Amino acid sequence: MPATVHQPVLDRALRADVERWRARGVPEPIVAILVAERMIPTLVAEPGHRHLLIVPTPGLPTTGLRRLTEMVTGLPCRRLTRVAGGADLDEGRLASFVAAPAFAVAPLRATIDAMRWLRAVNARPIVIVDDVFDRLAAAADRLAGDDDERRWYAVRRLGPAVVTFLASWRTAAASLPVHWLRTRDLDCDPAGVVRRAFAHAGFTPDADTLAAALAEIDIIPREIAMPLSGEQRAAVRDLARAYAELDLSIAGL
Amino acid sequence: MSSPPPAAPVVSIERPPCSLDPAEPSAADFIHTAVRSIRRLARTRGRDHPHIVIACFPKSGSTFLATTLARATGFRPYLLNPIGHDTERDIRPLSIPMFLTQPTVSQEHMHARTENVRWLRLLGVRPVVLVRDVFDAVVSARDHVAPPGARGPAAHPPPDENDPSVRQDLAIRAGVPWMIDFFTSWRAARAKLDVHFVTYDELVADPIATIERIFTHVGMRVPATQISDALASIRPSEVRFNRGRGGRGRLELTPAEIRLVEDIAGTERDADLSMIGLPS
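Residues numbered from 1 in each chain as written. Chains lettered and ligands numbered in written order. Predicted model: local features only at pLDDT ≥ 70, side-chain atom pairs only at ≥ 80, totals over all residues. Heavy atoms only, no water.

Scanning chain B from N- to C-terminus turns up 13 helices and 6 strands. Buried positions account for 55% of the 280 residues belonging to chain B. The long-range share in chain B, meaning contacts at least 24 apart out of those at least 6 apart in sequence, stands at 73%. Surface summary for chain B: the accessible area is close to 12,000 Å², and the carbon and sulfur share equals 52%. (Helix = DSSP H or I, 4+ residues; strand = E, 2+ residues; numbered from the N terminus. Buried < 20%, exposed > 50% of the residue type's maximum accessible area, 1.4 Å probe, protein only. Contact = heavy atoms within 4.5 Å. Areas by Shrake-Rupley, 256 points an atom, 1.4 Å probe, with all protein chains shown as cover.)

Time to look at the overall build of chain A. When you go through chain A residue by residue, the secondary structure sums to 10 helices and 5 strands. Oriented by its inertia axes, the alpha-carbon framework of chain A measures out at about 65 × 45 × 35 Å. Scored against the burial criterion, the 253 residues of chain A give a buried share of 51%. Nonlocal contacts in chain A, meaning residues at least 24 apart in sequence, comprise 74% of its contacts between residues at least 6 apart. As displayed, chain A has an accessible area near 11,000 Å², and 52% of this comes from carbon and sulfur atoms.

On to the packing of helix 2 (residues 28-45) of chain A against helix 4 (residues 91-98) of chain A. Any two packed helices are characterised by the angle at which their axes cross and by the distance between the axes. Residue and element names in this part refer to chain A. Running from amino to carboxyl end, helix 2 crosses helix 4 at an angle of 40°, the nearest separation of the two axes being 10 Å. Crossing angle aside, the handedness with which helix 2 passes helix 4 is left-handed. Residues Ile40, Leu43 and Val44 of helix 2 form the contact with helix 4, whose own contacting residues are Glu91, Gly92, Leu94, Ala95 and Val98. Residue classes in the contact of helix 2 with helix 4 are distributed as 6 nonpolar, 1 polar and 1 charged. (Axes fitted to C-alpha atoms, helices over the stretch in contact; angles between N-to-C directions. Left-handed = near helix turned anticlockwise from the far one by under 90°. Nonpolar A, V, L, I, M, F, W, Y, C, P; charged D, E, K, R; others polar.)

For the structure shown, the criterion picks out 29 salt bridges over all chains. The shortest N-O distance in the salt bridge between A:Asp247 and A:Arg170 comes to 4.0 Å. Taken together, the residues A:Asp247 in the segment after helix 10 (230-239) and A:Arg170 in helix 7 (residues 147-172) connect sequence positions 77 residues apart. Accessibility expressed as a relative area gives 46% for A:Asp247, which makes it partly exposed. With relative accessibility at 23%, the residue A:Arg170 sits in the partly exposed group. As a salt-bridge pair, A:Arg182 and A:Asp185 come within 3.0 Å of each other at their nearest N and O atoms. Under the relative-accessibility criterion, A:Arg182 is labelled partly exposed at 29%. Through salt bridges with shared partners, a single ionic network connects A:Glu37, A:Arg82, A:Asp90, A:Glu91 and B:Arg92. (Salt bridge = Lys/Arg side-chain N within 4 Å of Asp/Glu carboxyl O.)

A few words now on the confidence of the model for chain A. Here chain A shows a mean pLDDT of 90. Residues at 70 or above account for 96%. Taking the mean pLDDT of every element in chain A, the minimum, 63, falls on strand 1 (residues 3-6) of chain A and the maximum, 97, on strand 4 (residues 126-129) of chain A. (pLDDT = per-residue confidence, 0-100.)

A few words on helix 2 (residues 38-45) of chain B. All names here are of chain B. Of the residues making up helix 2, those classed as buried are Ile38, Leu41 and Ala42. With its buried residues spanning 100° around the axis, helix 2 presents them on a single face. In this structure, helix 2 carries Arg43 and Thr44 as exposed residues pointing more than 90 degrees from its buried face. (Arc of directions from axis to C-beta.)

Another point: the nonpolar core. As a rule of thumb, soluble globular proteins bury nonpolar side chains together. Ranked by internal contacts, the top residues of the largest apolar core, which has 121 residues, are A:Trp21, A:Trp169, B:Val134, B:Trp186 and B:Leu278. For this core, the leading source of residues is helix 2 of chain A, giving 11 residues. Excluding anything up to four places from it in sequence, A:Trp169 contacts A:Val55, A:Leu108, A:Arg109, A:Ala110, A:Leu118, A:Pro125, A:Val127, A:Leu176, A:Val178 and A:Trp180. Grouped together as the second largest cluster of nonpolar side chains are 25 residues, B:Ile52, B:Phe64, B:Leu69 and B:Ala72 included. (Core = buried A, V, L, I, M, F, W, Y, C linked by side-chain atoms within 4.5 Å.)

Here the focus is the sheet that holds strand 5 (residues 128-131) of chain B. Residues and elements named next belong to chain B. Spatially, the 5 strands line up as an open sheet ordered 3-4-2-5-6, and their pairing is parallel. Each edge of the sheet is formed by a strand with only one pairing partner; in this case those strands are strand 3 (76-77) and strand 6 (196-199). Taken together, the 4 bridges between strand 5 and strand 6 define a ladder with parallel strand orientation. Note on strand 6: the bridge partner recorded for Val131 is Thr199. Against the sheet, helix 3 (residues 62-73) engages strand 2 (51-56), strand 3, strand 4 (104-108) and strand 5, with an angle of about 175° to strand 4. Against the sheet, helix 10 (residues 207-218) engages strand 2, strand 5 and strand 6, with an angle of about 165° to strand 6. (Pairing = 2+ DSSP bridges.)

The next subject is unusual backbone geometry. Unlike most non-glycine residues, A:Asn122 shows phi in positive territory, near 50°. Look at A:Asn122 and you get exposed, because its relative accessible area is 62%. Although it is not a glycine, B:Lys59 sits at a positive phi angle of roughly 60°. Tracing the sequence through the fold places B:Lys59 in the loop between strand 2 and helix 3.

Right, let's talk about the packing of aromatic side chains for a bit. On inspection of all chains with the given rule, the structure shows 5 aromatic pairs over all chains. On the basis of an interplanar angle of 20° and a centroid distance of 5.5 Å, the ring pair of B:Trp178 and B:Phe182 is categorised as stacked. Of this pair, B:Trp178 and B:Phe182 both sit in helix 8 (residues 175-189), 4 residues apart, which is roughly one turn of that helix. For the pair formed by B:Trp178 and B:Phe182, the shared burial category is buried. Each residue in the set B:Phe57, B:Trp178, B:Phe182 and B:Trp186 is aromatic and connected to the rest through ring pairs, giving one cluster. A:Arg170 extends its terminal NZ or CZ atom over the ring of A:Trp180, reaching a point 4.7 Å from the ring centre. Directly above the ring of B:Phe135 sits B:Arg250, whose terminal nitrogen or CZ lies 4.0 Å from the centroid. (Phe/Tyr/Trp six-rings, centres within 6.5 Å; stacked < 30°, edge-to-face > 60°. Lys NZ or Arg CZ within 6 Å of the ring centre and 35° of its normal.)

Now the structure itself:
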C-alpha cells in the first residue's frame, strides 16, 4: 500500500509548488519526495514521542553506550548523521527519529543548522566529554606506527575535530538545555551519573535494570597507554587559542 | 448523519520494504517512506540527465570553474548540500530528487567519504576534483574568513573572533588537516570512481585546455569556442576570484607558519602530496 498525503495536509504554497513541479514534468515519485521534504519542519515541530540524544566527543567509544541505553530504556537506536561516523545532522533522518520513540548516539557538532533542528524538536542533549589530552592519546593508542608519530598524528589530524566539537557545544549550551557528562565522573558513581543524565532527557531508568546493565557493560573509557608529551599538549592548547572566550575547562583546556 | 468521505490522496509514494508502523501518523509515515525511497530513485533515474560534480578545496577557483562549465553547457548550477553554513558539504540525500530532474553542474567542498562515493556511483557521476597548493589556499582562506562571523567546514572560529593572526593560525591548524584528508580521500576513491584531478594552477594557466579535458572526462564534447565565450562572459566579482594567482602562500606566510604547515603534512606518511604543494 502506498503512503499518501491528503489535501488538507498540504498548505496553499505547497499545493502551488506541487502543481508547478507537475507542470514542469517532474516525475511523480520525485514530487512526493519534494513534498515530504517540505513537510519535515511541520512534523518535527509537533510534540510527539520521547527521545534521548547522546552526543559523545568524537573518538569516545560508543558501542557500550548504545547497548546500555538500549537495555535501560528499551528504545531502538537510530542514526542521525548524514554519513556514518559523521558530525552533521541529517534532517531526513531526524524526521524518522521523531516519528517514533528512539534514542541516538552521535558525535554531532552543534552547527548552526543542527541547532535549528535540535531546537525545533526540543532536544535535551547529553554531551559526553573527556579530558581532551587523554582523548587524543587514546586515539593515538589505536593507531599503528611509532609512538611519537602516532601521537603527533592524533594531535595534528584528529585534534581539530575534537576542539571544534567542544567549542561548538560550549557555544550551543547558551541556547539549548545541554547536560554535560564527564567521563571521569563515571569512575566513582556510574549509576548516579547515568541516572542524572537520563533524567535530564526525561527518562527515569529502573534502578535494578540500570545496575544490571552497568554490571554487564563497561562504559568507562580504557586507561591510556602513553600520555601526550608537553610539546604535544602545547600544540593542542594552540588549537584552542581561537576559542579563548569559551570556557573549555570541562575538557581540561 | 454520516461522516464525509475521506479526501482523495493528492500525493502518494510506493512504500519500500521497510516502513514505519502503520499505526504511526500518516505525515510521519509519508516522510519516512519518501526519504527511504531516494536511493531507489537515484538508481533508476540517475542517468536521465548529464551531471558534472566538482569536489573542491576551499579557495581553489571552484566557483569560477563551475560557472564556466554551467555557461558553456547551459546546465543548471546546483548544490548537493545547499544548507550547510558550517557543516561539511556531504551529499544531502534530500537534494538528490531535484538533481535528478535536470542537467546540473555542482561544486562541493566534499570529502570522498564512503557514502558520498556510494551516491556518486549510484548516480553514475565521474567527479572532477579541484585542488590547490595548500600554502596558497591557506593565505586565500585567511583573506576570505576575514569578515567577522564567517564560518567554514574546515574550522569553526567563534563568530566574534576578529584577530587576523588567530584566524590565520586556525586556517592552518584546522584547515590544513582538512585539505590533506580531502586530497587523500579522493586519491583513495580512485579505486571505486573514475576521478579526474585538476589543479588551480592548471586552470588559471590554460583554462580552455583544462576545461576541454574535464568535458572529455565526463564524456561530453563541447566546442572550444563555446568554452571561450563562457570564459569571456564571466566577471571576476561574480566568481569571487581573490587575486587569481599562485605562489602567494610561501611569500606571505612567516617561516614559523610554513614550518607548521609542513609539520602537519609530515603526519601523512603514505600519500604523495606533491600535487597540493606539500613535501612527500
